Amino acid sequence: MLARASTLQPHLNALVLLDTEGAQAAAKAAESRWQKGQPLSPFDGIPTTIKDTTNVKGWPTRYGSQATDETPASDNAAVTDRFLAAGMILVGKSTTPEFGWKALTDSPLQGTTRNPWNLAHSPGGSSGGASALTAAGVNPFNHGNDGGGSIRIPAAHTGLVGLKPSYGRIPQYPADAPFADVISQGVLARSVLDTAMALNLTAGPDPRDWRSLPAEARDYTIGLDAGVRGWKIGLSLDLGHVKADPEVRELVAAAARRFEDLGALVEEVGPMFEPLQEHFEPLWIGSFATRFRQIPTQLHGKLDPGLRALMEKGLAITLADYAKAFEARSRLARDLALWHRTYDLLLAPVTPTAGPPVETLYNSDAFPRWTKGAPYTLPCNLTGQPAASMPAGLTKAGLPVGLQIIGAPRADATVLQAMRAYESASGWTWPQPRVLETLKRL
């Protein structure tokens, strides 16, 4: 992995930190445990990376920002502790846009991360470094987190499996970030089985996160192949207001029909809810304004201009604006929970487009966040329910598109079961020939 990561780094720019010496020492320790017949878990010795929004003790957490420094983290994030307890080798940290603010991965600190399917295109964001590494075959899966689509969007743009678990399923510590109440930890992987096994490692409460869910007496790999026969599934290609590219709509509609072949009833459903921007922009830009106030004034000029503009706009958000947004969030969560009393799953696109060119100016008139960036994914962060991205196929330009599988509140096992059923019928396997073709040219 170290050799492959180093070879691809000049082309993908997926890593911000690579700890060769520490990784090799951890590998020798894992080897010794296996030789003694005492592995810590099935993943003991498997290498992975941690997204650079997330603490690893002794490593800096830069958030892709020149407004941060090289001060090492004093403790681990909860998810980091879970990986280490399983014996996984933390090889380095993956790239992210500044403070994870957008669905592309470029930042003033780290530059541009590229998609191994086509280096002229973005791997998505904000877990773009993780998706690029996984899709390029550097290692089996990589840590990501999702506060508005940041696991599902890069998974869709790189043909991966990406589950955003229920909010609180994996504890969120440190839990004092502005977006802590919408972020779910997880991984970007190439198979549903790896995803379920990773959830086994990381799920469960942590006293440092009072919102973490109680432990489930469950192995998420058991029942994966039970199928979806008899399930009632809703399909919405627009959620009532999103205009996806025609190719995306066609690919997602065809992917949804596979569930009919598996014995489920799939119905197209009407509008799910109104456009989100009016009600929920106060939460988004208000939270970024909180981060802005924490950054010394002399460093404001080093911020991504697009992010700084949002942060400054957020300074005008009032307490009343914020309270109204929370009321709307509660209504959305209630309405979707009631909808799921009739339907086991909701299917939708993950994004309105395939991975955009790397030079795309995010949240511009050409690529607004609310209509092009995260309109399909953000609702499940607001409601906390589980949602996943699965490969739906390729556009004529050879870029992946994602099918989103959304479950009822806390129904992670149901979503994983549906993901596995779909995986078994889709014929999508790794390695992908088109990725190999791209990488051979490097």
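See the structure printed just above.
The rules behind each value
- Residues numbered from 1 in each chain as written.
- Predicted model: local features only at pLDDT ≥ 70, side-chain atom pairs only at ≥ 80, totals over all residues.
- Heavy atoms only, no water.
- Buried < 20%, exposed > 50% of the residue type's maximum accessible area, 1.4 Å probe, protein only.
- Helix = DSSP H or I, 4+ residues; strand = E, 2+ residues; numbered from the N terminus.
- Pairing = 2+ DSSP bridges.
- Contact = heavy atoms within 4.5 Å.

Visitor: For this particular structure, what's the right way to read the pairing of strand β8 (residues 184–189)?
Guide: In summary, the side chains of a regular strand alternate between the two faces of the sheet. Judged by how many residues are buried, β8 sits mostly within the fold: six of six residues are covered. Of the two faces of β8, the one lined by Ser184, Gly186 and Leu188 and the one lined by Gln185, Val187 and Ala189 are each fully buried. Relative to β8, strand β6 (residues 141–146) is paired through six bridges, and the arrangement is antiparallel. Bridge pairing links His143 to Val187 in β8. Relative to β8, strand β7 (residues 161–164) is paired through two bridges, and the arrangement is antiparallel. Of the residues in β8, the one forming a bridge with Val161 is Ala189.

Visitor: Is there a simple way to explain unusual backbone geometry in this structure?
Guide: With the exception of glycine, the majority of residues adopt a negative phi angle, and the majority of peptide bonds are in the trans configuration. With an omega dihedral of 0°, the bond running from Tyr173 to Pro174 counts as a cis peptide bond. Residue position: Pro174 is located in the loop between β7 and β8. For the bond running from Trp430 to Pro431, omega is 0°, close enough to zero to count as cis. Its location among the elements puts Pro431 in the loop between α13 (412–426) and α14 (433–440). A positive phi angle, near 55°, is found at Leu239, a position not held by glycine.

Visitor: Where do I start with the environment of Val182 in this structure?
Guide: For Val182, the position within the fold is in the loop between β7 and β8. Note: C-alpha distance between Val182 and Gly384 (202 residues apart in sequence) is 6.8 Å. For Val182, the contacting residues outside a window of four places in its chain are Asp146, Gly147, Tyr167, Arg329 and Asn381.

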